[in-house]
Amino acid sequence: MLETSARLLRLLSLLQTHRDWTGTELADRLDVTPRTVRNDVERLRTLGYPVHATRGAAGGYRLGAGASLPPLLLDDEEAVAVAVGLRTAAGGTVSGIEETSLRALAKLEQVLPTRLRRRVNALHAYTVPVPGQEGPRVDTEVLTTIAAACRDHERLRFGYQDYAGNETVRNVEPYRMVNWGRRWYLLAWDVERDDWRIFRVDRVVPRTPTGARFTPRDLPSEDVADYVSKRVSAAPWQTKVRVVVQASAEDIAARVPWFAGSVEPLDAETCVFTTGSSDPASLVAWLGLLGADFTIENAPELAEHMRTLGERMLRAAQATEGR
């Protein structure tokens, strides 16, 4: 039989699995009597853990939320994940939590076993961020305000500056936030425009309190992350093109980055690559990555850029051969 302190930790670990346990189940797991389980539950309550109990044949125990935060039990993988997350947060895109993250990380690393501390330190030491990839900072209060409105199905009013710098006041039904790259985006139903819209969270200035509750709509896609990323990547395009490529969709999708555009099959040997750019010359360079013959269906103005690039490449080839 486990000692009392070890048994309490084991009981707490079982209760943290987010399910209901009957007294008999817990007694069997701990190899004690139901009476001992009841006594141990009272001990946990004394320590600040809100253990809820229901009576009757279907009754049981569940760990609930309390007024204060009691100590938590983490297994090895959870502890490593939390430590890595705190280090990332200390230098991430969410402002206002850097110092808090470092304080929490110091407390966690103080009690980490040596084997886990070595794993966390190794990951940190051998992970190098790419310079120049810093994104806009997002205030934690803005994130929590939006997240709460999504959870509670409450309308949001906020000031917003769009891509062109225009400032407006928007009234939306918020649904999801997506963290893509170094930016946060809000997917919401714009009440005044009667359509789905995507907003950069770093450009959002919430106006509190939140608005009335709303009945949730069906999302525009089952894969919200994919929906947002495709529309965000295409948003600033001034030139949009539809390209028929003489290669399979699978081959082209493997050649171009996912954020460059969408690839749809026409048949087993042909596909459509939809892409765009604010710079036609750079768009022509993108098309050179396809590695297959193609035809542009809707942007004849690109012909001159392709001709210029082709002539430049030919001159370079001839100069290289002549050396």
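First, a word on what this report is: a plain description of the structure on this page. This is a predicted model, so every value here is computed, not measured.

**Concerning the overall build of the chain**
Broken down by element type, the chain carries 11 helices and 13 strands. The 323 residues of the chain split such that 33% are buried. The contacts of the chain with a sequence gap of at least 6 include a subset with a gap of at least 24, amounting to 56%. Of the accessible surface of the chain, which amounts to about 20,200 Å², a share of 51% is contributed by carbon and sulfur atoms.

**Some remarks on the nonpolar core**
It is characteristic of soluble globular proteins that their nonpolar side chains tend to be buried jointly. Core analysis: the biggest nonpolar cluster contains 18 residues, and Val 243, Val 245, Ile 252, Phe 273 and Leu 290 have the highest contact counts within it. In contact with Val 243, other than residues within four places in its own chain, are Cys 271, Val 272, Phe 273, Leu 287, Leu 290, Phe 294, Thr 295 and Ile 296. Counting 17 residues, the second-largest nonpolar core is a separate cluster that includes Ala 149, Val 172, Trp 184 and Phe 199.

**So, the environment of Gly 288**
Secondary-structure assignment places Gly 288 in the loop between α10 (280-287) and β13 (294-296). A residue is classified by how much of its surface remains accessible, and Gly 288, at 58% relative accessible area, is exposed. Between the C-alpha atom of Gly 288 and that of Met 306, which follows or precedes it by 18 residues, the distance is 9.4 Å.

**Observations regarding a negative patch on the surface**
Among the surface-exposed residues, Glu 250, Asp 251, Asp 267 and Glu 269 lie close enough to one another that they form a single negatively charged patch. Take Asp 251: it is sitting in helix α9 (residues 249-255). Overall, Asp 251 belongs to the partly exposed group, its relative accessible area being 46%.

**Re helix α3 (residues 34-46)**
For α3, with 13 residues, the first-to-last C-alpha span of 19 Å sits near the 18 Å given by 1.5 Å per residue. Those residues of α3 that sit buried are Val 37, Asp 40, Val 41 and Leu 44. Buried residues along α3 cover an arc of 105 degrees about the axis, so they all sit on one side. With respect to the buried face of α3, the exposed residues turned more than 90 degrees away are Arg 35 and Thr 46. Those residues of α3 hidden inside the fold are in contact with α1 (4-15), α2 (23-30), β1 (51-53) and β2 (61-63). Of the residues trailing α3, Gly 48 is marked for its positive phi of about 105 degrees.

**Side note on the environment of Thr 215**
Of note, Thr 215 is situated in the loop between β9 (204-207) and α8 (224-234). For Thr 215, a relative accessible area of 69% corresponds to the exposed category. Taking the C-alpha atoms as reference, Thr 215 lies 9.2 Å from Glu 173; in sequence the two are 42 residues apart.

**With respect to the sheet that holds strand β5 (residues 156-161)**
The five strands lie next to each other as β8-β7-β6-β5-β9, forming an open sheet whose pairing is antiparallel. Every interior strand has two partners, whereas the edge strands, β8 (195-200) and β9, have only one. Across the sheet, the axes of successive neighbouring strands diverge by a mean angle of 50 degrees, strand direction being ignored. Note: strand β6 (residues 167-180) against strand β7 (residues 183-190), eight bridges, orientation antiparallel.

**A word on the packing of aromatic side chains**
A ring pair, where both rings are aromatic, is described by two values, the distance of the centres and the angle of the planes. Enumeration according to the criterion identifies six aromatic pairs in this entry. Here Tyr 175 and Trp 196 contribute two aromatic rings whose centre-to-centre distance is 5.0 Å and whose plane-to-plane angle is 65 degrees, an arrangement assigned as edge-to-face. Of this pair, Tyr 175 sits in strand β6 while Trp 196 sits in strand β8, and the two are 21 residues apart along the sequence. Among the residues examined, Trp 196 registers a relative accessible area of 14% and is labelled buried. Both rings, one in Tyr 175 and one in Phe 214, keep their centres 5.4 Å apart while their planes meet at 50 degrees; by these two values the pair is tilted.

**Side note on the pattern of salt bridges**
Per the stated rule, a full pass over the model turns up 15 salt bridges. Residue Glu 297 pairs with Arg 242 through a salt bridge whose shortest N-O separation is 2.7 Å. Placement of Glu 297 in the loop between β13 and α11 (302-321) and of Arg 242 in strand β10 (residues 239-245) is noted, with a sequence separation of 55 residues between them. The partly exposed category is assigned to Glu 297, whose relative accessible area is 48%. Bridged by salt links that share partners, the residues Arg 7, Asp 40 and Arg 43 form one connected network.

**Brief notes about the packing of α1 against α3**
At a closest axis distance of 10 Å, the pairing of α1 and α3 adopts a crossing angle of 85 degrees. Judged by the inter-axis angle, α1 sits roughly perpendicular to α3. In contact with Thr 4, Arg 7, Leu 8, Leu 11, Leu 12 and Leu 15 of α1, α3 contributes Thr 36, Asp 40, Val 41, Arg 43 and Leu 44.

**Some thoughts on the environment of Arg 182**
Tracing the backbone shows Arg 182 in the loop between β6 and β7. Residues Arg 182 and Pro 136, spaced 46 residues apart in sequence, show a C-alpha to C-alpha distance of 7.3 Å.

Each value, and the rule that gives it
- Residues numbered from 1 in each chain as written.
- Predicted model: local features only at pLDDT ≥ 70, side-chain atom pairs only at ≥ 80, totals over all residues.
- Heavy atoms only, no water.
- Helix = DSSP H or I, 4+ residues; strand = E, 2+ residues; numbered from the N terminus.
- Buried < 20%, exposed > 50% of the residue type's maximum accessible area, 1.4 Å probe, protein only.
- Contact = heavy atoms within 4.5 Å.
- Areas by Shrake-Rupley, 256 points an atom, 1.4 Å probe, with all protein chains shown as cover.
- Core = buried A, V, L, I, M, F, W, Y, C linked by side-chain atoms within 4.5 Å.
- Patch = residues over 30% accessible without salt bridge, like charges linked within 9 Å, V, L, I, M, F, W, Y side chains within 5 Å.
- Salt bridge = Lys/Arg side-chain N within 4 Å of Asp/Glu carboxyl O.
- Lys, Arg positive; Asp, Glu negative; His and termini not counted.
- Charge placed at Lys NZ, Arg CZ, Asp CG, Glu CD.
- Expected span 1.5 Å × (residues − 1).
- Arc of directions from axis to C-beta.
- Pairing = 2+ DSSP bridges.
- Axes fitted to C-alpha atoms, helices over the stretch in contact; angles between N-to-C directions.
- Phe/Tyr/Trp six-rings, centres within 6.5 Å; stacked < 30°, edge-to-face > 60°.
- Parallel < 35°, antiparallel > 145°, perpendicular 65-115°, else oblique.

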